[in-house]
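# Examining the three-dimensional arrangement
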Amino acid sequence: MSLVGSLCNSYFYILQDIEDVIMRAKEVGINSVISVTEEANDFERVIHLSKSYPGVVAPCLGIHPIQCWGSQEQRSVRLQDLDSALPLFQKYRDEIVAVGEIGLDFTPWYAPHAEHRDEQEAVFRRQLEISKALDLPVNVHSRSAAKVTIAVLKEEGIQQALLHNFAGKPSVAMEGVQAGYFFSFPPAVSRNEQRVKLIKQIPLEHICLETDSPALGPDKQARNEPQNITISCEYIARVKGITPKKVADVTTQNALRLFPKIHRTLKH
């Protein structure tokens, strides 16, 4: 199988065994790994990674709605978190394939007050403006905020968006489908049947594959990595009653349509 679109977070650049990780990804047919950022200090590292592995790592730049992830300082994003990132969007406009990971996270312990949610939305809208100025698609986080996220995307006139690890209601997803957006699901969906109805309802022509590594793998206690994209592929195939090859073929074409600059990356 040929696969594109194994979304990974920026942790990629700190792996001691990155060569092995990439080798295992290639062994299962992955042609390109889309690597997103969460904070401004990730930007240069992901760009460096893409230059170290041309034709394999496709970089995205974006400020995530939750900052200082995994630390005691973990908090909702602020407008000033964008300050140091703004010139880097312009600096690397030719290298990046999308703006992301951006979006909204209204989980109560991250955004307990209206001012947190309002500031998240302001940061999100600012980055959507950047994506339009650069003519790039967006990779979007929408935890506990699916309906608002899709409404903002539509208000801002966004035409190319991937809502990753989407967990909203099927009816909300269909609003996104009607707007032309794509949805992706990590291997973690195979742990239970919670998103069967959602995956059944979204047309395959609007689905992409992802791992969201190092999190959201098939085993909650183990590090996830790009090779596990085959688990997402096989699960979606089972839910929809089609072959994994059909899922791989269609989702790869979806990813190439959504991220057209990957074509250039694959030519290296």
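Everything numeric in this text was worked out from a predicted model, so none of it was measured.

### Quick look at the pairing of strand 10 (residues 182–185)
With burial as the criterion, each face of strand 10 is covered, one bearing Phe182 and Ser184 and the other bearing Phe183 and Phe185. Where strand 9 (residues 161–164) and strand 10 come together, 3 bridges link them in parallel fashion. Each bridged residue has a counterpart across the sheet, and for Leu162 the counterpart in strand 10 is Phe182. In this sheet, strand 11 (residues 207–213) lies alongside strand 10 in parallel orientation, the contact comprising 3 bridges. In the sheet register, Ser184 faces strand 11, and the bridge partner there is Cys208.

### Examining the pairing of strand 7 (residues 98–105)
Burial analysis of strand 7 places 8 of its 8 residues in the buried class, the great majority of the element. One ladder, built from 5 bridges, connects strand 7 with strand 8 (residues 138–143); its direction is parallel. The partner of Val99 across the bridge, within strand 8, is Val138. Where the polypeptide runs from strand 7 across helix 4 (residues 114–134) and back to strand 8, its parallel neighbour, the crossover connection is right-handed.

### What to know about the side chain of Lys261
Mapped onto the elements of the fold, Lys261 is located in the loop between helix 9 (244–258) and helix 10 (262–266). No salt bridge is formed by the buried Lys261; the nearest opposite charge belongs to Asp94, separated by 5.4 Å. Reaching out from Lys261, the side chain makes a polar contact with the backbone oxygen of Arg93 at a distance of 2.9 Å. Engagement of the side chain of Lys261 in a polar contact is seen with the backbone oxygen of Ile96, the distance being 2.7 Å. Setting aside residues up to four positions removed in sequence, Lys261 forms contacts with Arg93, Asp94, Glu95, Ile96, Val97 and Leu136.

### Brief notes about the packing of helix 4 against helix 5 (residues 146–155)
Here helix 4 crosses helix 5 at 40 degrees, and the two axes come no closer than 10 Å. Comparing their axes, helix 5 and helix 4 come out oblique. In this structure, helix 4 crosses over helix 5, and the sense of that crossing is right-handed. For the pair helix 4 and helix 5, the contacting residues are Glu121, Phe124, Arg125 and Leu128 in the first and Val148, Thr149, Val152, Leu153 and Glu155 in the second.

### Section: the pattern of salt bridges
The full count for this structure, using the stated rule, is 15 salt bridges. Here Arg125 and Glu121 are joined by a salt bridge, their closest N and O atoms 3.0 Å apart. Of this pair, Arg125 and Glu121 both sit in helix 4, separated by 4 residues, roughly a single helical turn. Residue class for Glu121 comes out partly exposed when judged on its relative accessible area of 22%.

### Let's talk about the packing of aromatic side chains
Taken as a whole and judged by the stated rule, the model has 3 aromatic pairs. Seen in terms of ring centroids, Phe43 and Phe89 are 5.4 Å apart; in terms of plane orientation they differ by 75 degrees. Their pairing is edge-to-face. Of the two residues, Phe43 is situated in helix 2 (residues 43–52) and Phe89 in helix 3 (residues 86–91); the sequence distance between them amounts to 46 residues. By relative accessible area, which is 1% here, Phe89 ends up buried.

### Quick look at helix 5
Given 3.6 residues per helical turn, the α-helix brings residues three or four places apart onto the same face. Within the span of helix 5, buried status applies to Ala146, Thr149, Ile150, Val152 and Leu153. End-on view of helix 5: buried residues confined to an arc of 160 degrees, all on one side of the axis. Positive backbone phi, at 75 degrees, marks Gly157, one or two positions downstream of helix 5.

Cut-offs and rules
- Residues numbered from 1 in each chain as written.
- Predicted model: local features only at pLDDT ≥ 70, side-chain atom pairs only at ≥ 80, totals over all residues.
- Heavy atoms only, no water.
- Buried < 20%, exposed > 50% of the residue type's maximum accessible area, 1.4 Å probe, protein only.
- Helix = DSSP H or I, 4+ residues; strand = E, 2+ residues; numbered from the N terminus.
- Pairing = 2+ DSSP bridges.
- Right-handed = clockwise from strand over helix to strand, strands pointing away.
- Lys, Arg positive; Asp, Glu negative; His and termini not counted.
- Salt bridge = Lys/Arg side-chain N within 4 Å of Asp/Glu carboxyl O.
- Polar contact = N/O pair within 3.5 Å; in protein donor to acceptor, adjacent residues only side chain to side chain.
- Contact = heavy atoms within 4.5 Å.
- Axes fitted to C-alpha atoms, helices over the stretch in contact; angles between N-to-C directions.
- Parallel < 35°, antiparallel > 145°, perpendicular 65-115°, else oblique.
- Left-handed = near helix turned anticlockwise from the far one by under 90°.
- Phe/Tyr/Trp six-rings, centres within 6.5 Å; stacked < 30°, edge-to-face > 60°.
- Arc of directions from axis to C-beta.

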